[in-house]
Every structure is written in structure tokens, then in C-alpha cells.
Amino acid sequence: MRFFARFFPTSTMMIGFVASLSSSRPLLSRTIPSALSSALAGRDRCISSFASPPYRRLPQDSRKSVALNQQGWYSPGTTAEDERQLLLDPKAPLRPMLAENCHENHLSQYTLPPTQIGVDDYRPDLPKGQRIVAFGDVHGDITALRSFLVTAGILDPESSVAEPVWCGGTTICVQTGDVLDRGDDELACFRLLASLARQAYEAGGALLLLYGNHESLNAAGLFQYTNPGGNMEFERTIGARIDYNYGSNRWRLQFAGNQPSRWASFEPGGLLSANMLSNMLVTCVVGRTVFVHAGLMASHLSPGNTINNQGQKVYGGVKRLNQQAREWIVKAHHGDNNNWGEYNTVEEVISAAQNRAKVASKTMPDCLGGGIGASSPVWMRDYSKPNDAEPKEPRAKQMIRAALDEAGSDVQRMVMGHTPQYKINSALDSMAWRIDVGASQGVMGGTPEVLEIIHMGGDNDEDIVSVLTMDGKRVDGSERAVFDSSIMY
């Protein structure tokens, strides 16, 4: 990927991190050679400033002992083999440190309901009157997210973000990606969304999360858009727990100073890959609407479509994209871990981390990859730029019409985020709905709005499309069509 070399941390940054692992003194008070020598040869040091009971640390040398401590971090239900694999095998995944039989199953807070590809991502046949809502980019702003959810009528306004209550009944909600980056509460946002998604599933509704380009960047180890506060959230919530439970912080070396807690969470095969990321989607069809983060072209969808024996088109393009993303995110493409941090030189550390990022980018499917200016489902801006105006791409109308034809037999509109608008609006004869309102304080602090679609709710079975505002208004969708670079109110 072309953005790998541009944004990966420099060798100087990595050397500083390696040195910092072994010294509580300021790096500037030591020479690089002596600091590096201490980092690579010194004893483990556990960073546990954020840890508190019931976290229980194993003895420092227990990871090298065959006789396992029966008072380890796992609950009594954990098998000795589980412990032995994690403590004795430096190549093992880190996930057991926080999941399954771990004392608090910390990762369960991020678990999304199982998504059946080909079913949950392709729902053209809905009951008449089915309510669908959608909102755009969140970018780590928990306050904006709460406003989106309350405005959508799916979060009980009397409940808290820590203990949210779904009140949407059978409503289907689609969040169009970019929960990550630019904010300080990214994990809190995902916990809130995951909790509501599980409750929606039980109530007969749904909350579907899509990949955005910022989820793709994080999965590839590219963190140029993160906030210091957001990185600290990962350290406090993820990294400190692993340090304490593992009895060491040397697992961090394999990430060479490039936000190890964040990278370990979002990389393919990482901490959140199985329970959360694998159940997210690149795109989905709900009723007569296809949802995606940035946009779709016919070429994205047509390879998955086929013709059956009756000469009818079978729409498999959406399924194909989502299957590609899932197969990629659940596999650790970099190979084995090096949790004991057994490196001889700083060059080995840097090389290992660079290879980890390069292989993730190289294997990333086209539906998640690209970069600025690319015609990718998570990067393109052909239908959304300039903001609040008709697209400048002269072929945009032809392109989106062809994409809708490949998305489904009666798909009439595409809903996307990615490019901030001042208000939710439609373009290209209402085939393109742009719903990213830049609500995060890390973007432009825009006012949250929500798109609402009532399937076949009109007198002639047409969909009723409206915009929901924070002050309780329901604006007819026709009032948000753009024309001549201005919004018609």
C-alpha cells in the first residue's frame, strides 16, 4: 500500500521506545547504546500504574516455568494447557490475556452479534413500514455518538453510555464507519455500540457497523490520525491489563513503539479481530438502500454477481466484499508473535515491526485498501465531494446508477459517510445520500443528524426518507437535495 512507507514510525522514534522499556529515567539522560543494551538484555519491568484488583500478576519468572502458578490470572475454569501455551510459548496470540476464561473476559464488552454474511448484510425484502436509521463518522467522540443514538431514537435518553439501554425495538440502524481516530474515547464508543448491537439483536432489530478508512488504517498499523488522549485510552484499557496479567511489558517490543496496545487490538488476528471486527461489514443492502463508508462502483460489486439457470441475476457482490474483509481480519498474516521481546539489536526490532505492517497492507483486500484519492469503498469521494454540493466528477451520476444496478434488483439510493457535510444532504437525483456531518470535536464539531428511512411507508409504497435533528424535528428528505452548490430548504 502506498501509505505504508509514508506514515510508518521512523527508526529514531522506535529506538526511543525500545530504550524507554528498560528505564524509568528520561531517555535524554542516557546514550542510545546503553539504553538499547539495557532494554534488550535487562529484566522485565511491569507497567501496572493503571492496574487494580481483581487483576493478579504471576511471579516474574513463571512464564519460563513448567510448574504453573495455580493462583494465576485465569479463573479456576481455565485449563492448565491454556496457561501453559500462553506462558511458555512466546509466539502465542495475546487474546487469552483478556478473553474467554480470563478473570473478567474484558474483550466481551466489544463483542458484536454474529453477522451471517449473505443474510444479515443483504436484506432486500423487508416488512412494509420497517424503520431504518443511519448516521456517519464518530471519530472517538462519545458525546457526539450519544447524540446520534438518542436522535435516532434507539438509545434510551435516561440511560448512560456505560450502561446503555436499547429502545429502538425492531429498528435497523447502520453506522457507516470511522469510529476510530481523531478523538479520545474510541474504545468507549465501540463498547457503547457493541452493547446496543447485542440488545438490538435480542429485540429483533439490528445495529450494523461498517468499516471506514480509519478502521483500515488502524488494522494496518497506521496511526497518524490518532489523538494522544485516544492512545492513552488504549494504554489504560488494554495495554496495562496485558502488562499486569502477563507480568511483563516486553510483548510491546514487537510493535517497536508504534502504539502497541492499539496495534495489538486492531491488527488482523488481533485482540478484537474475532469478536468485533469480523462481524463488521464493508457494505450492506437494507431494503432499497445500500450503505457504505465512502462509495461503491459497479466494478466493486459485479465480480460477485452471477446469472442463474433461469437467466436471473444473483446479487452476490455485497457478500463477496464482506467475505473478503472477514477472511483477512481474522488471520494473523505476520505469522508468530514475539511476546518475550527476544531481539538482539534495535534493527531486529524495527525490521520485525515493519514486516508486520507491510504484510498486513500487502494482504489487505482492495475493498479495505487504497489511500487518499483511491477508488475504494472506504476511500473514494466521487459522490460526496465537494461537500453540500453536486459532485464535480462528471461521470458521477452514471457511475452511481451503474453501482445501484449491481447492488440489488430494487436498490434506489446509496448512503455514505467519509466526507464531512454541514448537514445531511442528497445529490445525484437523490441517489447519493451524504450523512457524515463532522460531528466529532476532532473534525469540525458539527451538529449530529440522523437519516431515517421508512420502507414502503408512502401511499404508493415508496420509501419515506427524512432527516432527524437533535431538536426533535423530522425534515422531509426532499428539502435536503442539493442543487447548484447549495442546499434547498
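Only a predicted model underlies this, so the values are computations on that prediction, with no experimental measurement involved.

Parameters and conventions
- Residues numbered from 1 in each chain as written.
- Predicted model: local features only at pLDDT ≥ 70, side-chain atom pairs only at ≥ 80, totals over all residues.
- Heavy atoms only, no water.
- Pairing = 2+ DSSP bridges.
- Helix = DSSP H or I, 4+ residues; strand = E, 2+ residues; numbered from the N terminus.
- Axes fitted to C-alpha atoms, helices over the stretch in contact; angles between N-to-C directions.
- Parallel < 35°, antiparallel > 145°, perpendicular 65-115°, else oblique.
- Left-handed = near helix turned anticlockwise from the far one by under 90°.
- Contact = heavy atoms within 4.5 Å.
- Nonpolar A, V, L, I, M, F, W, Y, C, P; charged D, E, K, R; others polar.
- pLDDT = per-residue confidence, 0-100.
- Buried < 20%, exposed > 50% of the residue type's maximum accessible area, 1.4 Å probe, protein only.
- Core = buried A, V, L, I, M, F, W, Y, C linked by side-chain atoms within 4.5 Å.
- Patch = residues over 30% accessible without salt bridge, like charges linked within 9 Å, V, L, I, M, F, W, Y side chains within 5 Å.
- Areas by Shrake-Rupley, 256 points an atom, 1.4 Å probe, with all protein chains shown as cover.
- Salt bridge = Lys/Arg side-chain N within 4 Å of Asp/Glu carboxyl O.

(A) Geometry of the sheet that holds strand β3 (residues 172-175). Across the sheet, six strands lie side by side as β4-β3-β2-β12-β13-β14; this open sheet has mixed pairing. Either end of the sheet is taken by a strand with one partner, and the two such strands are β4 (206-209) and β14 (474-476). Neighbouring strand axes in the sheet, compared pairwise and without regard to direction, differ in orientation by 25 degrees on average. Bridge analysis of strand β2 (residues 131-135) against β3 gives four bridges, and the strand direction is parallel.

(B) Seen up close, the packing of helix α5 (residues 142-151) against helix α6 (residues 186-203). Between α5 and α6, the least distance of the axes is 9 Å, while the angle of their chain directions is 25 degrees. When the axis of α5 is compared with that of α6, the two are roughly parallel. Crossing hand, α5 versus α6: right-handed. Of the residues in α6, those touching α5 at Ile142, Leu145 and Leu149 are Ala188, Cys189, Leu192, Leu193 and Leu196. Classifying every residue of the contact of α5 with α6 gives eight nonpolar, no polar and no charged.

(C) Summary view of the confidence of the model for the chain. The pLDDT averaged across the chain works out to 84; a share of 79% of its residues lies at or above 70. Predicted confidence for residues 22-39 stays below pLDDT 50, and this span has 21 contacts to residues more than four positions away or in other chains. Throughout residues 41-80 the model reports pLDDT below 50, and contacts reaching past four residues in sequence, or to other chains, amount to 80 contacts.

(D) Quick look at the pairing of strand β12 (residues 449-454). The buried count for β12 comes to six of six residues, which makes it a mostly enclosed element. Going residue by residue along β12, you find Glu449, Leu451 and Ile453 tucked away on one face and Val450, Glu452 and Ile454 tucked away on the opposite face as well. Across four bridges, the pairing between β2 and β12 is antiparallel. Residue pairing across strands places Ile132 opposite Ile453, the latter belonging to β12. Where β12 meets strand β13 (residues 464-469), six bridges bridge the pair, whose relative direction is antiparallel.

(E) View of the sheet that holds strand β10 (residues 425-427). Spatially, six strands are ordered β1-β5-β6-β9-β11-β10 in an open sheet, and the strand pairing comes out mixed. Two strands bound the open sheet, and with one partner strand each, they are β1 (122-123) and β10. Judged from the four bridges that link them, strand β5 (residues 283-286) and strand β6 (residues 289-292) form a sheet pairing that is antiparallel. Looking across to β6, one finds that Thr283 is bridged to Val292. Helix α13 (residues 396-407) contacts β1, β5, β6, β9 (413-416) and β11 (432-434) of the sheet and is inclined by roughly 100 degrees relative to β9.

(F) Fine view of the nonpolar core. Core analysis: the largest hydrophobic core is formed by 121 residues, its most contacted members being Phe291, Tyr383 and Met414. No other element matches α6, which puts ten residues into this core. With residues near it in sequence (within four places) discarded, Met414 still touches Val290, Val292, Gly295, Leu296, Tyr383, Ile400, Ala403, Leu404, Met431, Ala432 and Trp433.

(G) Quick peek at the environment of Ser361. In this structure, Ser361 sits in helix α12 (residues 346-363). A relative accessible area of 3% places Ser361 in the buried class. Separated by 145 residues in the primary sequence, Ser361 and Ser216 place their C-alpha atoms 9.3 Å from one another.

(H) Structural context of a nonpolar patch on the surface. Among the surface-exposed residues, Tyr422, Val443 and Met444 lie close enough to one another that they form a single nonpolar patch of about 300 Å² accessible area. Counting through the fold element by element, Met444 comes out in the loop between β11 and β12. The exposure class assigned to Met444 is partly exposed, which follows from its relative accessible area of 38%.

(I) Quick look at the pairing of β5. Alternating residues of β5 divide into Thr283 and Val285 and Cys284 and Val286, and every residue in both groups is buried. Judged from the two bridges that link them, β1 and β5 form a sheet pairing that is parallel. Bridge pairing links Tyr122 to Val285 in β5. In this antiparallel pair of consecutive strands, β5 and β6, the connection spans two residues, and Gly287 shows a positive phi of 65 degrees.

(J) Examining the pattern of salt bridges more closely. Inspection of the entire model under this criterion finds 17 salt bridges. Among the ionic pairs, Arg262 bridges to Asp181, the shortest N-O distance being 3.8 Å. Within this pair, whereas Arg262 is found in helix α9 (residues 260-266), its partner Asp181 is found in the loop between β3 and α6, the two being separated by 81 residues in sequence. Look at the salt bridges and you will find they share partners, linking Arg288, Asp410, Arg413 and Asp463 into a network.

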